[in-house]
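Tertiary structure, described
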Amino acid sequence: MIHSFDALILGGGAAGLMCAIEAGQRGRRVAVLERADRLGKKILISGGGRCNFTNLHCRPEDFLSANPHFAKSALARYTPADFIALVEKHRIPYHEKTLGQLFCDRSARDILGMLESECADARVSIFLSTNILKVIREDVFVVRTADAEFRAPALIVATGGLSIPKIGATSFGYDLARQFGLKIRDPWPGLVPLVLNTDDRSRFCDLAGVSADVIASCDGQEFREKMLITHRGLSGPAILQISSYWKSPQTIRIDLAPGQEITAAFRDQATPRTLDTLRTKFRKILPNRFADRWLDANPPSAWTNQALADLERQTHAWTITPSGTEGYEKAEVTAGGVDTDELSAKTMESRKVPGLYFIGEVVDVTGHLGGFNFQWAWASGAAAGRAL
Ligand SMILES: Cc1cc2nc3c(=O)[nH]c(=O)nc-3n(C[C@H](O)[C@H](O)[C@H](O)COP(=O)(O)OP(=O)(O)OC[C@H]3O[C@@H](n4cnc5c(N)ncnc54)[C@H](O)[C@@H]3O)c2cc1C
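An account of the accompanying structure is given in this report.

What counts and how
Residues numbered from 1 in each chain as written. Predicted model: local features only at pLDDT ≥ 70, side-chain atom pairs only at ≥ 80, totals over all residues. Heavy atoms only, no water. Buried < 20%, exposed > 50% of the residue type's maximum accessible area, 1.4 Å probe, protein only. Helix = DSSP H or I, 4+ residues; strand = E, 2+ residues; numbered from the N terminus. Pairing = 2+ DSSP bridges. Right-handed = clockwise from strand over helix to strand, strands pointing away. Core = buried A, V, L, I, M, F, W, Y, C linked by side-chain atoms within 4.5 Å. Contact = heavy atoms within 4.5 Å. Axes fitted to C-alpha atoms, helices over the stretch in contact; angles between N-to-C directions. Arc of directions from axis to C-beta.

Remarks on the pairing of strand 3 (residues 30-33)
Across the two faces of strand 3 the burial is the same, with V30 and V32 and A31 and L33 all buried. Pairing of strand 2 (residues 7-10) with strand 3, which is carried by four bridges, proceeds in the parallel orientation. By the bridge assignment, L10 is partnered in strand 3 with L33. One crossover worth recording links strand 2 to the parallel strand 3 by way of helix 1 (residues 14-25), and it is right-handed. Inspection of the sheet shows strand 3 paired to strand 8 (residues 125-127) by three bridges, in the parallel sense. Pairing of L33 across the sheet is with F127, part of strand 8.

Notes on the nonpolar core
Grouped together as the largest cluster of nonpolar side chains are 82 residues, with contacts concentrated most on F83, I111, F358 and W376. Looking at this core element by element, the count peaks at nine residues for helix 12 (residues 372-387). Contact partners of F358, with chain neighbours within four places excluded, come to V157, G173, A177, L182, V338, L343, M348 and V363. With 37 residues, the next largest nonpolar core counts L207, I242, I262 and L295 among its residues.

Details of unusual backbone geometry
Backbone torsion omega between S248 and P249 reads 5°, so that peptide bond is classified as cis. Looking at where P249 falls in the secondary structure, it is placed in the loop between helix 8 (237-243) and strand 18 (252-255). Despite not being glycine, R91 has its phi angle at roughly 55°, a positive value. Relative to the assigned elements, R91 resides in the loop between helix 4 (80-89) and strand 6 (94-96). You can call R91 exposed: its relative accessible area is 73%.

Observations concerning the sheet that holds strand 15 (residues 211-218)
Here we have seven strands laid out as an open sheet, ordered 19-18-15-16-17-14-20, and antiparallel in their pairing. Lying at the two open borders of the sheet, with one neighbouring strand each, are strand 19 (318-320) and strand 20 (324-325). Alignment of strand 14 (residues 194-195) against strand 20, held across two bridges, turns out to be antiparallel. Note that in strand 20 the partner of L194 across the bridge is T325. Strand contacts of helix 11 (residues 305-316): strand 18 and strand 19, with the helix running at about 115° to strand 18, the strand carrying the most contacts.

What about helix 9 (residues 275-285)?
Taken as a whole, helix 9 has its buried residues at T277, L278 and F282. Down the axis of helix 9, the sector holding all buried residues measures 135°, keeping them to one side. Facing away from the buried side of helix 9, by more than 90 degrees, are the exposed residues D276 and K284. Along its buried surface, helix 9 packs onto helix 10 (288-297) and helix 11.

Some details on the sheet that holds strand 3
Backbone-to-backbone hydrogen bonds join strands into a sheet, with any given pair of strands oriented parallel or antiparallel. If you trace the five strands from one edge of the open sheet to the other, you get 8-3-2-12-22, paired in parallel fashion. Of all strands in the sheet, those bounded by a partner on one side alone are strand 8 and strand 22 (356-358). Adjacent strand axes in the sheet meet at a mean angle of 20°, parallel and antiparallel pairs treated alike. Set on the sheet, helix 6 (residues 172-179) makes contact with strand 2, strand 12 (154-157) and strand 22; between it and strand 12 the angle comes to about 135°.

Here is the structure:
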């Protein structure tokens, strides 16, 4: 059976659906070919089931890419306000949780339902459980499945990255890019918990569940948010954010007491220089169990001003060398991907292969934690959809 369309979109996730809606609304005959038995599985699990669908303070600086300018055009032409207008048109209740992050009040199902209903209005054809066997380019693109052939002059790859193989992530998009001669920036897991080296793990990981407000820094980037101790290492927003910038064997610096001077009181001679007093001071800044453990691991070498200053410095610069990350099984996103030099920043179309587009996470544009990855999916999807 042969199906002919104006555009074939591979992948019915955030980017693919947005692209389909924009193109369908402009009268294009669009098909979405999705491997899974339903659309948008990642949307459903996002934001703890409430989908952090955008961020009010979206700036190009909130994205990593070998070319930091690439995302600007698409982000400027489809903004958080555009997506919010869509959410409000569908009367979906939402709230700002923190730092401009917008979440559904009820469930991520609201966002997926909205996209599905917009697709239906735009007469988008959806093909689920579609196992793509081959993609070739004749006079048009031809996509073969076991029992059908799809043909269209435009092919949009929206198959996402490698994160969460359990729900169907594959290297399909990268393989297809390579097949057509496009360069890939080696992918790596981003927004992912870190595994501590053996020494630090045995020192701290029995405190799993304890969290603290920290500044994590690496590679010229820093994030002030919560850090969480896990059974194997560190997680929490500050660590997830910095993980996207970390590559082994770099170190990560953690300020455990941002903006505080814990030992300041000891300059006053009236404050007794004892471990108990020191512990009380640390417990005011850090959770009790972590404060005690930190002091056990880093007791002052003497009660001199110098030794106290050293302890202070150490506390603001805990330097860890993670043994690795929890990998794609736990990574919220895949960094790296199709090299942006290969694509038009305005339309996401390949410079080498006219009619071939890449959008969403498969492209070497990765957002910070906080709704930025969806904003990139919407913006890059809209950019391609408007060009079809
Ligand atoms: C647990 C978790 C929570 C997250 N929470 C948030 C959040 O709250 N806010 C935020 O901004 N970002 C969040 N993200 C990141 C965000 O989900 C992704 O960046 C975004 O979904 C990427 O959109 P995409 O359309 O490019 O890819 P995806 O949403 O991954 O969609 C790709 C689609 O392609 C399909 N596909 C794959 N291979 C094939 C193939 N061979 N043939 C056909 N179809 C195929 C997949 O089944 C999938 O439906 C989260 C990620 C995870 C893992």
